[in-house]
Amino acid sequence: MAAGGGDPAASPMKTPSWAVRIRGADGEIAGAGILLSPDQVLTCAHVVDRAAARLTAEFVGATDHSVPAVPARVDGTAYVPETRDADGDPSGDVALLRLERPRPVEETVRLHRLSAPGREVRMYGFPYAHNGGIWFRSTVVGGCGRDGQVQLSPVSPGELASPGCSGAGVADSRTGEVIGMVLSGQLDQHGNRFSFMSPAETIARHLPGLKPHIVGPTAVDERLLPTDDGPSPDLLDEPFAQRLAAWLRDDGSQVKISVVRPGDAARAATLRRAITLADRELRTAVSIDRASLDPPGTVPSAGGHDLAVDASGVTAAEIAERIADRMGLWQHPEDPPLDRIRASRSTLNLVVVGVDEAIDPLPLLDLLEVLRAGGSRLLLVFRTAGDCHRLACDRLLTRPARERRARLVERLRDLTGPLAEDLHERLASVVPHGLRPLDSDLVAAHAALADLLRADDADGERDRAGGPARDRDLDPDQPPGRVRGADRDSDRDGHWDPGRVRDDRDRDLDRDPHQPPGRGRYADRDPDMDWDLDRVRHPEPGRDRDLGRERDRDVDRDRRPDRGHDRDPDLDWALDRVRHPEPGRDRDLGRERDRGVDRDRRSDRGHDRDPGRAPARGVGPVPDLGRYERLADRVAGRLAAGVAELDRLRDRRDELAGRLRGYHVLHQHSLQGEEDPAVDDLYLRAHALLRARPCDVRAAEAAVDAYTRRVDDHGGGDAR
């Protein structure tokens, strides 16, 4: 039995007892349904519309192996039709049917709240030619739209949800629990196939009366919900709300660390608001409406988190058990929850509030480190910027960022070393006809590698000097010039610590509150120019000379017939910024930095009024790891494709050489000691072209063809 009663999805080898086939007045199958109680069936609103006034529920998995047919009707007002906003984003499409005669309670099932990312699921529907029902397998892709719906990707093209599947239960393959209901399937103009489901939490929001039939802990701890005696919901720290919403919309950063101090009512209310709006079950209708009066960029996506816990006064083991339960890791309950989480491939978006107020913060950091390493996303909120906060920044942000940079360095070394040597070895063998020139790719990879190595050296010097970590170490995906990983109030305790990470508070205070996140006083500047200038100002010894030679080669290359190939903007970015700094740019940047420092100091004085806090210290430029990783991906792909094409040309050269030898032997036999200078000249030309390095395979092929045709004309036979 499922948790809380009812029959779980059970084995895919049998028909589930809770699977319902729904027919309309015309006798045609209108869709599917889920038997939630002896006299209630959950289905889609559009299935009810399709069935017209008369509905019949058929129970294909009945325990007595019959197929009872029971008339049904909409249960009062439990009908939410699908609506679409101005962008065509759907919402609703759920309905509850009341049966005229009840079914046995053992045939029912409960919906289960369960985190969804990456889960393998299956659904039992009734598509055309499968009136008895059939299982469909899918994988959860992620949430989509403002209603909290979930996108599914079919395991095979034939398993796309089709007419007759709407309203079918979606069962988690690992636990057997029904976690949602199929809404529709879609084949887009590009041939992509997707199905969509409404998870248990979204169904509960649309039909609150179904909550007794939904089991599993909610995604948000009760202590994190707004209360009557808590901060006013009208309080809003807009920049903080924008950053929270960006993370909850998956802005690309895996870990975000913030500080919300006791007594900071605005930030506390903003945090609770973000957690509430990101929960599918708690999200309100007004937050789904496009005409919401919320400030721009402050409303997170529905399902932005899978679990939000309050760690205050709780042990790490209790939090681990809560996470394991939400992930559906119920197998082997005798194993500690941390071991189950570590062994699982499941991930989730986790919010932990009050990390430093847990009973045992260090074991909690161990748990969070395991989750981060497994791919989960973490939003961590501390009450103070003390030792626990600094340790979390180091273990969850700085160290992973440096490890990521080290992996990227090794990859770029491989690209510019062995893989580049493989390419040059082949280029020395054959002329690369039709091959996109790769010189600029390799130069960009070398430039990226040099930049990363300089960053390693700078980190080493800073570590030896005991200086502060750089902003980008805290969030490797953050564009240069902004901090996302350690939130803006890290230093609001009034004490400046040279080992503490620099926060982004001052930038937020200086930003126009009506601008979207990430837009502020430097909005009109190139976000990469500071660290690009550093590369221009401090090149490696001999770098200018090497780049000058490379530029000359690029000019020559662009004059070749291959110049029509599309240029990669990221490669041009990596090269041109090093080669061609803008006139006067250093002077303009110096003035801009001076103005920025003045504004920072004014912000410090005007906001905190705290003479004990030193101004935020500037740090040097840092590499954009995300961009360099994308560059490495492209260079690796192009190198692999180039090597493969050159290998094909080398194979063709060897094939032509064998063909030439065979024809030459036959021709010598056919001459019987005589000479044919014209044919011999053709042979010698083809032989010379094949022996040349690099070999022009096209020219050699034409020469071999000319020789073999002449031999064939003389009756020498066919050596092919």
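Let me begin by describing the structure that accompanies this report. Owing to the predicted nature of the structure, the values given are computational and were not obtained by experimental measurement. (Residues numbered from 1 in each chain as written. Predicted model: local features only at pLDDT ≥ 70, side-chain atom pairs only at ≥ 80, totals over all residues. Heavy atoms only, no water.)

Considering the overall build of the protein chain
Okay, step 1: Looking only at helices and strands, the protein chain has 19 helices and 20 strands in total.
Okay, step 2: Per-residue burial over the protein chain gives 52% buried out of 720 residues.
Okay, step 3: Partitioning the intrachain contacts of the protein chain with sequence separation of at least 6 by distance along the chain shows that 73% fall at a separation of at least 24.
Okay, step 4: A total accessible area of about 32,100 Å² is found for the protein chain, and carbon and sulfur atoms account for 50% of it. (Helix = DSSP H or I, 4+ residues; strand = E, 2+ residues; numbered from the N terminus. Buried < 20%, exposed > 50% of the residue type's maximum accessible area, 1.4 Å probe, protein only. Contact = heavy atoms within 4.5 Å. Areas by Shrake-Rupley, 256 points an atom, 1.4 Å probe, with all protein chains shown as cover.)

Some points on the nonpolar core
Okay, step 1: In this structure, Ile-34, Leu-42, Leu-99, Leu-111 and Met-181 are the most contacted members of the largest nonpolar core, which totals 57 residues.
Okay, step 2: Element by element, the count of residues in this core is highest for strand E2 (residues 29-37), at six residues.
Okay, step 3: Filtering out sequence-adjacent residues up to four positions away, Leu-99 remains in contact with Leu-35, Pro-38, Asp-39, Val-41, Ala-57, Phe-59, Val-70, Pro-71 and Ala-72.
Okay, step 4: In this structure, Leu-415, Leu-442, Leu-631 and Ala-700 belong to the second largest nonpolar core, which totals 41 residues. (Core = buried A, V, L, I, M, F, W, Y, C linked by side-chain atoms within 4.5 Å.)

Quick word on the packing of aromatic side chains
Okay, step 1: Counted by the stated rule, this structure contains three aromatic pairs.
Okay, step 2: Geometrically, the ring pair formed by Tyr-124 and Trp-135 is edge-to-face, given 5.1 Å between the ring centres and 75° between the ring planes. Of this pair, Tyr-124 sits in strand E10 (residues 120-125) while Trp-135 is found in strand E11 (residues 134-144), placing the two residues 11 residues apart along the sequence. Both residues of the pair, Tyr-124 and Trp-135, belong to the buried class.
Okay, step 3: Put simply, the rings of Tyr-124, Phe-126 and Trp-135 pair up and form one aromatic cluster. (Phe/Tyr/Trp six-rings, centres within 6.5 Å; stacked < 30°, edge-to-face > 60°.)

As for the pairing of strand E4 (residues 55-59)
Okay, step 1: Judged by how many residues are buried, E4 sits mostly within the fold: five of five residues are covered.
Okay, step 2: Residues of E4 alternate between two faces, with Leu-55, Ala-57 and Phe-59 on one and Thr-56 and Glu-58 on the opposite face, all of them buried.
Okay, step 3: In the sheet, strand E1 (residues 19-23) pairs with E4 via four bridges, with the strands oriented antiparallel. Residue pairing across strands places Arg-23 opposite Thr-56, the latter belonging to E4.
Okay, step 4: Summarising the sheet, E4 and strand E5 (residues 69-80) pair through four bridges and their orientation is antiparallel. Its bridge partner being in E5, Glu-58 is matched across the sheet by Ala-69. (Pairing = 2+ DSSP bridges.)

Topic: helix H9 (residues 387-427)
Okay, step 1: Taking 1.5 Å per residue, 41 residues should reach 60 Å; H9 reaches 56 Å between its end C-alpha atoms and fits that length.
Okay, step 2: Its maximal kink placed at Ala-420, H9 deviates by approximately 40°. (Expected span 1.5 Å × (residues − 1). Bend = angle between axes of the 7 residues up to and from the residue.)

As for the environment of Leu-235
Okay, step 1: Within the fold, Leu-235 resides in the loop between strand E16 (214-215) and helix H3 (238-248).
Okay, step 2: In this structure Leu-235 comes out as partly exposed when scored by relative accessible area, which is 34%.
Okay, step 3: Residues Leu-235 and Thr-270, 35 residues apart in the sequence, show an inter-C-alpha distance of 7.0 Å.
Okay, step 4: Those residues in contact with Leu-235 that sit more than four places away from it in its chain are Ala-265, Ala-266, Ala-269 and Thr-270.

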